[in-house]
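Examination of the molecular architecture
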Amino acid sequence: MTDNAHYDVLIVGAGHGGAQAAIALRQAKFAGSIAILGDEPELPYERPPLSKDYLSGDKPFERLLIRPPTFWEERQVAMLLGRRALRVDPDARTVATDDGATFGYGQLIWATGGAPRRLSCSGHDLAGVHAVRTRADVDRLVGELPGTTRVAVIGGGYIGLEAAAVLAKADKQVTVLEALPRVLARVAGEPLSRFYEAEHRAHGADVRLGVQVACIAETDGRACGVTLADGETVAADMVIVGIGIEPAVAPLLAAGAAGDGAGVDVDARCRTSLPDVFAIGDCARHANAFADGARLRLESVQNANDQATVAAKAIAGTPVDYHAVPWFWSNQYDLRLQTVGLSIGHDAVVVRGDIGMRSFSLVYLRAGRVIALDCVNATKDYVQGRALVVAGAAPDPARLADAGVPLKEMVA
Ligand code: FAD
């Protein structure tokens, strides 16, 4: 019986960060009791395939599991699944859940990620309107695909574009509706945005930029399209909303942790302002050395895993500061994008290679120094470019642009 039990480390959130925190604790020979409490019914699984090969049906769910079921048993990590943490009492050191249980903790790791941001307009909750955050979201969406011809994707960020790519390949008529003047506007330089815009169009998707959603149109209780601010309705049997997440931090903030709706604040060891309460992953706002110390949240597997390891080491008595190089990837059609560093605040972009050949890199510079690379079908640049980001190298832009000169020759 696990209800009302006490754990030396209680991890809330059974996603990437939560799983890695438990793994890293055991790797660090932490011998105390560990539980992972998560509101999804599944054992921790990889989220990135949800908008890629799980959505396309190319990867079964079993292959998404971060570790097989036996792993958690063997390492004595208790799984408290299908229950949601509602309240944290930092004085009593307890977490209360939606099924009436209360769990005590010695140390708490908050790894709850975020909930998909919802539209606020009428029709946002109609049948046929989908988010892509959990396995359940994608199973629901996939279940409706056989009766679906036209799909409207609201939001031209990575998740929206990846879903659009899968569905366009599956011969659905896809329309991408993006409020800003270019896709990926918040995360990438303009040449990359224009490249992906063109790729989606070449694959038959209708990409509409600078459009505002007024409401979801309805017929018989189901979504039948997206009505834009200018009155036009884009017909759709299914609407996918990919407009970002809201970090799931309300219980921690209510308990007095520093932060706000944009994330809970953590220090370099992933400690919140509450005693013995850590926060990691998508929900944790931290000062990032690769963004000139700016406080931000990163939504990436790298960040969730590396912060989990930092929190675990602090608990295991071998503390280190978080200083990991950010990296990320996105798969769309036959394009593999790999990103290293953070392009926030760049003041110049060098295109390396030939965009027309569909294998190139964008190198982002700030004050002449390399801060990030976006590499499309250019894994060598991605691998070698990492050293440039770490070193803050300041290569000659003309050499940087020459794809014939390997990046590793430009580190010094
Ligand atoms: P999550 O993995 O989201 O785990 C949080 C868990 O906590 C969830 O199960 C959530 O339901 C649960 N939870 C929330 N609140 C509570 C509560 N109160 N009580 C109990 N449980 C709770 N990153 C990349 O680097 N590359 C990619 O290609 C990429 N593709 C992505 C595609 C999709 C469709 C999505 C959704 C994300 C993608 N990401 C990608 C981002 C990456 O998956 C996240 O950054 C990562 O999962 C963050 O890990 P986390 O542990 O912070 O949160």
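See the structure above.
Presented here is an overview of the structure given in this document.

Rules used throughout
- Residues numbered from 1 in each chain as written.
- Predicted model: local features only at pLDDT ≥ 70, side-chain atom pairs only at ≥ 80, totals over all residues.
- Heavy atoms only, no water.
- 1 Å grid on protein atoms, 1.4 Å probe; cavity = no way out; pocket = protein on both sides within 12 Å on 5 of 7 lines; lining within 4 Å.
- Points joined across faces, edges and corners; volume = space filled by probe spheres on them.
- Helix = DSSP H or I, 4+ residues; strand = E, 2+ residues; numbered from the N terminus.
- Nonpolar A, V, L, I, M, F, W, Y, C, P; charged D, E, K, R; others polar.
- Pairing = 2+ DSSP bridges.
- Axes fitted to C-alpha atoms, helices over the stretch in contact; angles between N-to-C directions.
- Contact = heavy atoms within 4.5 Å.
- Core = buried A, V, L, I, M, F, W, Y, C linked by side-chain atoms within 4.5 Å.
- Buried < 20%, exposed > 50% of the residue type's maximum accessible area, 1.4 Å probe, protein only.
- Polar contact = N/O pair within 3.5 Å; in protein donor to acceptor, adjacent residues only side chain to side chain.
- Right-handed = clockwise from strand over helix to strand, strands pointing away.
- Near = heavy atom within 4 Å.
- Areas by Shrake-Rupley, 256 points an atom, 1.4 Å probe, with all protein chains shown as cover.
- Phe/Tyr/Trp six-rings, centres within 6.5 Å; stacked < 30°, edge-to-face > 60°.

1. Description of the layout of surface pockets
- In this model, the second largest pocket occupies a volume close to 370 Å³.
- As for the second largest pocket, its lining consists of 17 residues, of which Arg118, Val129, His130, Ala131 and Asp137 are closest to the centre.
- Mapped onto the lining of the second largest pocket, the elements with two or more residues apiece are β7 (114-116), β8 (129-130) and α3 (135-144).
- Looking at which element gives the most residues to the lining of the second largest pocket, the answer is α3, with three residues.
- Of the residues assigned to the lining of the second largest pocket, the class counts are eight nonpolar, three polar and six charged.

2. Some points on the sheet that holds strand β24 (residues 348-354)
- Overall, antiparallel pairing links the five strands, which are arranged β22-β23-β26-β25-β24 in an open sheet. Looking at the sheet topology across the chains shown, the edges are occupied by β22 (327-332) and β24. Pairwise comparison of adjacent strand axes, ignoring direction, gives a mean angle of 15° for this sheet.
- Of the strands in this sheet, β22, β23 (335-341), β24, β25 (359-366) and β26 (369-376) are in contact with helix α5 (residues 190-202), which crosses β23 at around 165°.

3. Re the nonpolar core
- The biggest cluster of nonpolar side chains holds 41 residues, and the ones touching the most others in it are Val174, Leu184, Leu192, Tyr196, Ile240 and Val376.
- Top contributing element to this core by residue count: helix α4 (residues 158-169), with eight residues.
- Setting aside residues no more than four positions away along its own chain, valine 174 makes contact with Val151, Val153, Ala164, Leu167, Ala168, Gly204, Ala205 and Asp206.
- Counting residues in each nonpolar core, the second largest holds 28 residues, with Ile11, Phe30, Phe278 and Val310 among its members.

4. Some details on the environment of serine 56
- With respect to the helices and strands, the residue serine 56 is situated in the loop between β2 (34-38) and α2 (69-74).
- Among the residues examined, serine 56 registers a relative accessible area of 32% and is labelled partly exposed.
- The spacing of serine 56 and isoleucine 154 is 98 residues in sequence and 19 Å in space, taken between C-alpha atoms.
- At 3.2 Å, the side chain of serine 56 forms a polar contact with the backbone oxygen of aspartate 53.
- A polar contact is formed between the side chain of serine 56 and the side chain of aspartate 58, at a distance of 3.0 Å.

5. Some thoughts on the pairing of strand β3 (residues 77-81)
- Where β2 and β3 come together, five bridges link them in parallel fashion. When the bridges of β3 are listed, glycine 38 appears paired with leucine 81.
- Handedness of the β-α-β unit built from β2, α2 and β3 comes out right-handed.

6. A few points about the site of the ligand
- Taken together, 33 residues lie around the ligand, and Asp39, Glu40, Lys52, Arg133 and Asp282 are the ones closest in.
- For the ligand, an oxygen atom lies 2.5 Å from a polar atom in the side chain of aspartate 39.
- One of the side-chain N or O atoms of arginine 133 is found 2.7 Å from an oxygen atom in the ligand.
- Against a free-state accessible area of 1,000 Å², the protein chains account for coverage of 96% of the ligand.
- Those elements that place two or more of their residues in the shell around the ligand are α1 (16-27), β2, α7 (301-316) and β22.

7. Remarks on the packing of aromatic side chains
- Summed over all chains, the structure comprises eight aromatic pairs.
- Judged by centre distance (5.2 Å) and plane angle (65°), the rings of tyrosine 45 and phenylalanine 61 are edge-to-face. Highlighted residues: tyrosine 45 in the loop between β2 and α2 and phenylalanine 61 in the loop between β2 and α2, separated in sequence by 16 residues. Note on accessibility: tyrosine 45 and phenylalanine 61 belong to one class, buried.
- With a centroid separation of 6.3 Å and 70° between ring planes, the pair formed by tyrosine 54 and phenylalanine 61 is classed as edge-to-face.
- Judged by relative accessible area, which is 8%, phenylalanine 61 ranks as buried.

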